Structure formats: structure tokens, C-alpha cells
Amino acid sequence: MHGKAITVLEMDYPIVEFMALCETPYNNEVQEPYAVVVLLEKDLIVVDLTQSNFPVFENPYPMDIHESPVTCTAYFADCPPDMIPILYSIGAKHKKTGYSQKEWPISGGTWTLGSHTFSEIIITGHADGSIKFWDASAITLQMLYKLKSSKVFEKPKTGEGRAAELVEEDPFAVQMVSWCPQSRIFCVVGISAHIILYRFSKYEANNQIVSLDVRLQCESEDVISPSENENNPCFSEPGSHSPQPPHQHQNQASPTGEKDSVPWLKVKDRMVRVPPGYQAELVIQLLWVDGEPPQQITSLDINSAYGLLAFGNCNGLAVVDYLQKTILLCMSTLDMYGAADPYQRLTRSPRRNRQSTSGSLTELSDNQQSIDMERSKSPTSVKGPGRKLSLPTDLKTDLGTASSTYSASRSSSVSSIDRDTKEAITTLQFGEYGRKGDPVPTPCLWVGTSLGVVLLIPMSIAIDEDERMEEPVAIGPSGALLMLKGSVLRFAFLDCVGALIQSPHEIWRDPNAPEDPDRPRKRKLVHFSPSSSQDACGDGHLAVVCSERQAKVFLMPSQSCLFVHNITESSFVLRADVVTVYNSVCLACFCANGHVMTLSLPSLRPLMDINYLPLTDMRIARTFCFTNGGQALYLSSPTEIQRITYSQEMCDNLQEMLGELFTPIETPEAQNRGFLKGFFGGNANTFDREELFGEAAAKASRSLAQHIPGQAGVEGMKVAASGVGELARARIALDERGQRLGELEERTALMMASAETFSKHAHELMLKCKDKKWYQF
């Protein structure tokens, strides 16, 4: 209104309502807005009006989780309590530019934690390669820290290279994450067949990112001579291992030239300045082989105590020593069986075996293996040898009418499956007891495949830290295997009394902290062994294995099956997790027909079976996950996380945890101002005549009716009486002033009427005398 220019602010969504924020709540005082609040259909923003560029305030509350489409989720309950403040403090240092420097001006509302005592963290992976950590304790959802995995790679140049040719958009999309809260090691699996390993540090540093290239495109009919084992990580002999030095490309000689032995993306090969927080240390990429792109990674596990990382896809398995930055094992699934292969495989032609048949997530096939592959993929679309990766924001997959078709296609027995399809690695878990008759627990990698086979791969790892950093880890298949119906989904380990055995882990230490000569920098490891109360049960522990059709409990190391339960026959399990509820352990399952089920452990007795949510969208299947405390979550829409609980204890506490959106407060009293100063002092304040002299003026102020406790005794009464007397005298004086002003107005009106009468008579006299001559007077 008063300026010389007009600024137009364009909003991202339609405007629902807006209002200006002023310093004073009173309309009779000067209104100088310092901000305007705008409620949009999908957002709430506050614009700072005190600066010429009108920046917006940084919103402390998450109005959306989808700056970039969410592609994966992970849910951690009962995590270390110091993780939330640490992540928040690091995230607060990464201030965004372009925002107002002032604090968020809106306050109000309260919430309580009730009896909720444990910390919860949600991790979301996004299509642009970013990862967000959220505080989800109780009923809150506060973003703590954001990590951008795309900064590890060089930007793909348009029109250059195979990556730019085939990856049109979202080459950094996050496919899955693996997090060890105790050691704070974090792994990200990307859609471009890459894995990034991060370490946490409170200090900024200059890091040189190590890159390892893995050739995981093995063929079952390949004949590998002993001399080739030194350079080719695809082994045919069980127990063989060949560590690979960093930055080494394997098998680069190829008739296809540049199209062979190259990864999708290029890692930055220079020193990079990284801020405090998660800092990239190692990047593992799968290579193109014979002009064929690498298959997506379907499973991942990391163990900080062993210093090992394992991952697999539909071609095979690879194990990496991230301490020595070497490749320990890289072999096809068939090579892991050796003579213990339970299936009679058909001979496959090399051309047919190079690329597995794969379509989009919307395809429903009668081939079980192709469905297994679809379930293990990320939400991107992968088509053919010259595939293009694209990640749609909204997966328009409607399985409501096709879900029975989907279940029936998986009902065929494993023995009748066409062996021409590939066998994918569906789950991995570092555990103990790799062979029958092991006298003591030994490190072991548990491998689950899409054909229901469990393979155990024992390892020999040096205990001494110096030897661990120098001697290679011995690893090789042992031939031990277990069988289940359907694709293997989850492993877990219990002691003989049914208590959950946590995985061994490393205690976190800051890699960039200043060295203290008094405290040697040695790795601190925590090994969880079965409880001492299991002595009566004999040596060993229990292994829980869950597939999409059944669950089994094995006694290790004898590998004898103690309990078995067929979870479903008409459908299949999408997600299974071993979680703690009510200080006990159970197996929680979510099926494609919408049922949420829990089984007791180790007896596998059904505890709950509820028809909760039918599988109408593959987004639900891709993001559904359970966690401790009887809770679960999934992505109900591209922009919403749905969190549920199946714990009665949590349901009982929900009312206590609910907060108040509005907190009633009394309006502050206006400043005391003199009447004459306000009325005659030329102040810009406006006064309503009705307020001063109307009926409202004769009524007592509301503030006079408030109870104000005074001092006890006669002195207090005198003070109170004198106060009342002063108020009474001020009231009488105000009434007298009002009466005198009223009389003054009446006198003014009489004078105006008299003046008008005098003017009339003077006019009549003038008309009467204007025609007379002077001598007529």
C-alpha cells in the first residue's frame, strides 16, 4: 500500500487460507505485520516480511517426506539412545541457504511420551540418491539428518558413455539400506548396481574414496582352470579364495572393447572434503560383462565385528573385506553348491543365460523365478539388455483383482520348477556354526536363495587386530545346506532358552578424532554368546529360518529341525522379521493376502492372524517392515508413511501419547496509557466513539473482576482499599469528563442553530431593503 513496488510470491500448491502475524494482538494499535502464514493444500509456509527478498522460514516440522520419491524404508526401534541427539546435532549444522535466519514464529500444542521409553528411527531412501534419518519416537516424526549418496560419483555427462546412454533419470536411486547402529556403519545399495559404505565422524575430513569393481556375471557352464583363479574371482572349487587389491578391474580383455568391464557410474577419484556426519569410505560396483549390464543387487548384510560385507543378486554371491578393501569371494550360485546341489539342473546356453527375463513390477507370470526376481527388485523399471532405469513417483500397480492369480502362480511345488531360470540370492546373514560338529561357534555366512535353499559358508578370521589387517580371511562353501518351501526371507538366532542373540558388532570410535597417546586405537568388539542358562540344553543355539511359505527352527550345529510351521498355502509371505514384544521374541509376517501374523519362538505356535490390508499396490510390499515393540510401517502412498501397531501395550498407551493441538492461553493485557495522552496527544491510534461514550463506557472492565490475591493483615487491606479508592476516583473522573463533553456538544449544537436563525433573518432583511432609496429610510 505504501511501497513503490509489488512482489508476487508463487506457491507450489493451491492456497487454502492465509493470515498476517503482528507484534500486537489488539486491533486498536498500529498493525505492522512481520510475517504471513500461508496454508497450502499440501504444505504450510511462513514468509518473512521484514526482509526485502521475502524469504520463507525453515519449517521445523516435516510437512512432506517426498522432496524426491521414496524408494525404500527401514525401521529401527530400541536403538542406542544417543543416536538421535547425535544425528540431530550433525543435521542442524547443515543449514540450508535461502531461508530466513529468524526462528520459526509459530508455537503451540503439546505432546507427551506416556510410558514410551525407547528410541525409534526411520530411514527413507529416495530416487535422487538421498537418505533421510527421522526421529519416530512415540508419535513424533522429526527429520534428523540428510545424506546425499550422489556426491560420491561424478555427474554423468549428457551424451557421453554407456551410463548416460542407458540411465536417463534417477541413476542414484536408493534400493536398500543396511545400518549397524552400534558401530554406526551404514551401507547404501543403489539402482545402478553399486554399494556405498559410510563411516560416521563428528569431524570434517579429506577422504580418498576407495573403489572396488566386481564381475558378478558368472555362467554355470564356464570351465575355470586353476591358473585362472588368480585373476578371476569366479571359483569352481569350494573353499578357494582370492583377495583382490583395490581399484583392480577383473577380466578386462573382451571382444566388445569399451563395453566390457565398466561400471554404471564413475566414482570421484580425488580427495574430497566431507562434512561431519556419514562419510563415504568404500564404493563397490558391479561391472558390465560381454556387453551385458550388471543385474541389480537383491540382498546385503554387513558385520562390523568381522569387518565383512556380503551381497548377492540373481547371478551369485560376493563377499568383501572392507577393512583390507579386498574381494574375498565372488562366485555363481551353482558354484557354491558343488556336489551338494539338491536339484538336477538343465544345461543352459550361454546366450540365454546372460540376461534373465525381467519385466516391470506390474507383470504377473506363472514362472516362480521371474516373480522372485520382480519381488527382489527396486521400484525402477528394468527392461532387456539395453535397459533404461526410471523411477516413477506413483507406482500404478493394481493387484486387487490379480492377487489370486499372483498367489496361484506360486503354489506349484519347488520340484516342478523349470530349472532353466536363475537362482537369486534373496537374504544374507552373518552368524555362527558353519559345519556340523563344530566344537565352538565360528563365524559363518548364512545364504538364502529363491529356491528355498539355505547354504552355510564358514569363515576363518584372525582375532588379533594386527593379524586381522594383514592376513586374508579364509572363506569357502562347506556343502552344508537346509531346505524350505519358497524363497528364503529371514534368518535369526536364539539361545536355547529362546532369547534373541544379537549379531557381534564393533564399538564405534571416531576415525577422524585426534589421537590420544594414553588410549590406543584398537577395535573394540562385542561378541554375544548363548546364555549360561542353556548349559542344561547342551552346547549350541537355535537358528530361525523363514521363507515365503513356511518357518523352521534348527538346532545348531547338529542342523536338526526342531519345529516347523507352514505359514500359508493360499498366499505367500512378503515380509518376515524376528522382533521382541513384551520382553519375548516372536516371528512377525505380512502376507500378500493382507494378513498380519505372529508366531511364537522357538515353538512356532500361531499367536495372531488378522486380515489387515490386502496387497493392492506393490509399494506396500516393497516398503513394509516390522520392528521391535510390536510395530510396523509401510508407504501407504507416495507421500505418506503409515505406522501400525499390533501390541496391546502400545494401544493402551496411545491415549496418553496423544497431544493437544491447541493450548489455551490468556490474551496479554494492553499497556496502560493515559487518557489525555491518547486522546489529545496526536497519537495515530484510533478510538471508537461508542467505546468512549456509549453503553460500553458505563460497564466495568473485565480485568476488574479477576481475583488478585493480596497481602494478609491490616496493611494488605489498606493497600487493597486504597487501590479500590483510586480506581473509583478514576472512574468518577472519567464519567465527569464524559458528562462535560456531552454538555459541550449540546452547547455547540445550540450555537449552530442560533447562527443559522441569525443568518436567515439577515437574508430576509437584505431582500426587504435592497430596492429602497436612501431617502426612503
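What counts, and at which threshold
Residues numbered from 1 in each chain as written. Predicted model: local features only at pLDDT ≥ 70, side-chain atom pairs only at ≥ 80, totals over all residues. Heavy atoms only, no water. Helix = DSSP H or I, 4+ residues; strand = E, 2+ residues; numbered from the N terminus. Buried < 20%, exposed > 50% of the residue type's maximum accessible area, 1.4 Å probe, protein only. Contact = heavy atoms within 4.5 Å. Areas by Shrake-Rupley, 256 points an atom, 1.4 Å probe, with all protein chains shown as cover. Pairing = 2+ DSSP bridges. Axes fitted to C-alpha atoms, helices over the stretch in contact; angles between N-to-C directions. pLDDT = per-residue confidence, 0-100. Salt bridge = Lys/Arg side-chain N within 4 Å of Asp/Glu carboxyl O.

**Q** I would appreciate a short explanation of the overall build of the protein in the present structure.
**A** Looking only at helices and strands, the protein has 12 helices and 36 strands in total. The buried share of the protein, reckoned over its 777 residues, is 47%. Sequence-distant contacts, at least 24 apart, represent 64% of the contacts inside the protein between residues at least 6 apart. Looking at the protein as shown, the accessible area adds up to about 40800 Å², and 53% of this sits on carbon and sulfur atoms.

**Q** Please clarify how the side chain of Arg199 should be interpreted in this entry.
**A** Of note, Arg199 is situated in strand 10 (residues 194–201). Discounting residues that sit within four places of it in the chain, Arg199 has contacts with Arg184, Ile185, Gly277, Tyr278, Gln279, Glu281, Tyr322, Leu323 and Glu506.

**Q** Just checking my understanding: could you explain the sheet that holds strand 30 (residues 573–581) for this structure?
**A** By definition, the strands of a sheet pair up through backbone hydrogen bonds, in either a parallel or an antiparallel sense. Taken together, 4 strands build an open sheet; the order of strands is 30-31-32-33 and the sheet is antiparallel. Unpaired on one side and paired on the other, strand 30 and strand 33 (606–611) mark the two borders of the sheet. On average, each strand axis in the sheet is tilted by 15° relative to the strand beside it, whichever way the strands run.

**Q** Explain the confidence of the model for the protein here, please?
**A** Where the model shows low pLDDT, its predicted coordinates should not be examined in detail. Of the residues in the protein, 71% reach a pLDDT of 70 or more, and the chain-wide mean stands at 75. Averaged over each element, pLDDT in the protein is lowest for helix 4 (residues 350–354) (34) and highest for strand 9 (residues 185–190) (95). Ignoring residues within four places in sequence, the model shows residues 405–420, a span with pLDDT below 50, making 36 contacts including any to other chains. Contacts for the low-pLDDT stretch residues 702–706, under 50 throughout, to residues beyond four places or in other chains number 3 contacts.

**Q** Got a minute to help me understand the pattern of salt bridges in this structure?
**A** This structure, assessed with the given rule, holds 13 salt bridges. Residue Asp321 is joined to Arg468 by a salt bridge in which the shortest nitrogen-to-oxygen separation is 2.8 Å. Residue Asp321 is found in strand 17 (residues 316–321), and its partner Arg468 is found in helix 7 (residues 465–470); the two are separated by 147 residues along the sequence. On the accessibility criterion, Asp321 (0% relative accessible area) is buried. Between Asp577 and Arg490 there is a salt bridge, with its nearest N and O atoms 3.4 Å apart. On the criterion of sequence distance, the pair formed by Asp577 in strand 30 and Arg490 in strand 24 (residues 488–494) is long-range, its members being 87 residues apart.

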